[in-house]
Amino acid sequence: MVVESVMAYFRTRRTRNLIITAVIAAAVVVGVWALNARLMHSAYVTGWVLILMVLFLAGYNLRKKLPFIPLGASAKWLQWHIYVGLTAIVVFALHAFVKLDGSIQTPNGYLEGVLAVIFIFVAASGVFGLFLTRTIPARLTVRNEEFIFERIPGFRKRLGDEARQLVLQAVASSDTTTLADYYSQRLSLFFEKPRNYWHHLFQSSGPRHKLLTELTDLDRYLSDTERPIAGDLATLVATKDDLDYHYALQLTLKCWLFAHIGFTYALVLLAVAHAVLTYAFSGAAL
């Protein structure tokens, strides 16, 4: 009941914020149309508005870097970041692609072209990141325990060591090398480093089931001494697969954030350079 109430609150908030964003975006479109109708250079207005919006959007990362400064809750900043970002896409489209007479244009010049490509990349990565941050945390809770990303290499090494010890134990306690041969052919590389990134990213457990099925099928060829060791080895395989799953998803989030923030800073620098050059060569007053 509590969960349903919380979800209903989030749905209501999302709907309300989207309506407000749509109204503001529509007002911006009408404002630009009114300026163009009076033959005024709306590009200067939308340019400055866009720079201020990009600076605000970039400020969200600084807010996260400086949590000790009382600048408001991070959750509130995130909400503003999302909806200001969506509005910025509309302002950018008006600034870069709409001419004074209302016709469509493409960015003119090398700097404008690069700036447009970077803005589109940052905007697209922002929308993609919204999807990732809404889906990956929920997916991570599905697989057993929680792993801290920086500690995953240590966990992986420990699992590999335990797997090797089990195989050595099997060889020492039985006269056969069936389990050792299988480990050498199929599991040594599996435990060595992260595996099956794309399978984990697209929620496929095929490689995990294949290894566990192979171990089950191997049971008929194992000695009584090897069977319990094979069971322990299967447990390590499942744990290693969980570890790779967390690694793949968390790595995806980190790579996305690195690219999104990096290109956002590049966007800020190029936008400022674009404004300076525009005023320098147009003769307009700052």
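Bear in mind that the values here come from a model prediction, so they are computed numbers and not experimental data.

Right, let's get into the layout of surface pockets. Of the voids in this model, the largest pocket is the one considered here, and its volume is about 750 Å³. Together, 30 residues line the largest pocket, and Ala43, His95, Glu112, His274 and Thr278 are the ones closest to its centre. Elements that contribute at least two residues to the lining of the largest pocket include exactly helix H2 (42-65), helix H3 (74-97), helix H4 (110-140) and helix H9 (226-282). Looking at the lining of the largest pocket, the element that brings in the most residues is H2, giving 8 residues. Residues of the lining of the largest pocket, tallied by class, amount to 18 nonpolar, 10 polar and 2 charged. Considered as a void within the structure, the second largest pocket measures approximately 590 Å³ in volume. In terms of lining, the second largest pocket is formed by 28 residues, of which the most central are Leu57, His81, Gly126, Trp256 and His260. Ranked by the residues each element gives to the lining of the second largest pocket, the list is headed by H4, at 8 residues.

The next point concerns the confidence of the model for the protein. When pLDDT is averaged along the protein, the result is 89, and 95% of the positions lie at 70 or above. Looking across the protein, the model is least confident in helix H1 (residues 2-37), with a mean pLDDT of 87, and most confident in helix H7 (residues 197-201), with 95.

What follows concerns the pattern of salt bridges. As enumerated under the stated definition, the model contains 10 salt bridges in all. Of the charged contacts, one joins Glu214 and Arg186 as a salt bridge, the two residues approaching to 3.0 Å between their closest N and O atoms. Of this pair, Glu214 sits in helix H8 (residues 206-218) while Arg186 sits in helix H6 (residues 178-192), and the two are 28 residues apart along the sequence. Classification of Arg186 as partly exposed rests on a relative accessible area of 32%. In this structure, the salt-bridge partner of Asp219 is Arg227, at a minimum N-O distance of 3.3 Å. Taking relative accessible area as the criterion, Asp219 reaches 35% and is therefore assigned partly exposed.

Here is what the cut-offs are and how they apply
Residues numbered from 1 in each chain as written. Predicted model: local features only at pLDDT ≥ 70, side-chain atom pairs only at ≥ 80, totals over all residues. Heavy atoms only, no water. 1 Å grid on protein atoms, 1.4 Å probe; cavity = no way out; pocket = protein on both sides within 12 Å on 5 of 7 lines; lining within 4 Å. Points joined across faces, edges and corners; volume = space filled by probe spheres on them. Helix = DSSP H or I, 4+ residues; strand = E, 2+ residues; numbered from the N terminus. Nonpolar A, V, L, I, M, F, W, Y, C, P; charged D, E, K, R; others polar. pLDDT = per-residue confidence, 0-100. Salt bridge = Lys/Arg side-chain N within 4 Å of Asp/Glu carboxyl O. Buried < 20%, exposed > 50% of the residue type's maximum accessible area, 1.4 Å probe, protein only.

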